[in-house]
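# Fold and geometry: a report
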Amino acid sequence: WEPTDYRGPRRSLDKATNILVTSYETMRNDEAKLKPWLSKPGRQSILVLDECHYIKSPDALRTLVAGKLAVKARHCIAMSGTPIAKMPTDAHPSLKCLDPVAYPSKTRMSARYCDEVMDETGKIISTALKADTLPEFDLGLLGVQRRVTKKQAMPWLPPKVYVARDMAIPPKWRDAYDKYAKKMIAELPDDMGTVSTMHTLSQLQHLQMLASAPCKPVKAINAKGDEYVQLIPQIGGWKTQALLDVL
């Protein structure tokens, strides 16, 4: 079976395709096409949610679509190195995809298994797992969760590959970059204006932007009422183009 890379404006879903690889954004946009593909008669469909912490927000459209597709699939596998980013309930959307009967509601899960506090807006926040219901919570995960350590997973992973790609700044912008680096003031090309600063940190931030794209200086006022120069990157950055060349 050959996997199909399902992405891009010209993506096409062939019913004969057996392995489909896509992103959460494409999944969200193509819900109507993916549902019948997953539930095709005779298909032993498996939905694999890699980096499932991306669906931790229960109200996000991608989370809602993932839940609907999980119902259509015969099996669902959710994988993540950080299933809980901040609160125990972060894992609820993934658990619901795996077993919607056992984990129907984030609110009910939080009330039974988590300590809760109310913030200044009156919203209930889950903080940590309750000590008295922790054994029950762990028992419920038996047969649902499998923890794989880094040492166990490493033999199955390909070696890391690091690639350095040189990126050339256009000559006229390179000249402005060098002048700004030396004198903290420079005239920008294409009638963009003058950029200047008296603060080293601002200079470093500006240089980082000037190394990526043409920028337009705009005067702004901070919270203290002091005026400062803010650089706004423009469309057509050479850093972005270098990335697109790689992709």
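Let us look at the structure shown here. Just so you know, these numbers come straight off a predicted model, no measurement behind them. (Residues numbered from 1 in each chain as written. Predicted model: local features only at pLDDT ≥ 70, side-chain atom pairs only at ≥ 80, totals over all residues. Heavy atoms only, no water.)

### Structural notes on the environment of glutamate 2
Locating glutamate 2 in the fold gives a position in the segment before β1 (3–5). Between the C-alpha atom of glutamate 2 and that of leucine 20, which follows or precedes it by 18 residues, the distance is 9.0 Å. (Helix = DSSP H or I, 4+ residues; strand = E, 2+ residues; numbered from the N terminus.)

### Some words on the nonpolar core
In this structure, Met27, Leu47, Leu49, Leu69 and Cys97 are the most contacted members of the largest nonpolar core, which totals 18 residues. Within the residue set of this core, elements represented by two or more residues are α1 (24–29), α2 (31–38), β3 (46–49) and α3 (61–72). Broken down by element, the residue count for this core peaks at 4 residues, all from α3. When sequence neighbours within four positions are dropped, the list of residues in contact with cysteine 97 reads Leu49, Ile55, Ala66, Gly67, Ala70 and Cys76. If you look at the next biggest cluster of nonpolar residues, it comprises 14 residues, including Ile169, Tyr180, Leu207 and Val229. (Core = buried A, V, L, I, M, F, W, Y, C linked by side-chain atoms within 4.5 Å. Buried < 20%, exposed > 50% of the residue type's maximum accessible area, 1.4 Å probe, protein only. Contact = heavy atoms within 4.5 Å.)

### Overview of the pairing of strand β5 (residues 114–118)
For a regular strand, side-chain orientation follows a simple rule: the groups alternate between the two sheet faces. Bridge analysis of β5 against strand β6 (residues 124–129) gives 4 bridges, and the strand direction is antiparallel. Opposite glutamate 116, over in β6, you have serine 126 as the bridge partner. If you look at the hairpin formed by β5 and β6, you'll find 5 residues sitting between the two strands, and glycine 122 has a positive phi there, around 90°. (Pairing = 2+ DSSP bridges.)

### A word on unusual backbone geometry
Located in the positive-phi region is methionine 184, a residue other than glycine, with phi close to 65°. Structurally, methionine 184 is set in the loop between α8 (171–183) and β7 (185–188). Phi at aspartate 190 is positive, roughly 55°, even though this residue is not glycine. Among the secondary structure elements, aspartate 190 is positioned in the loop between β7 and β8 (193–196). Residue classification places aspartate 190 among the partly exposed positions, given a relative accessible area of 46%.

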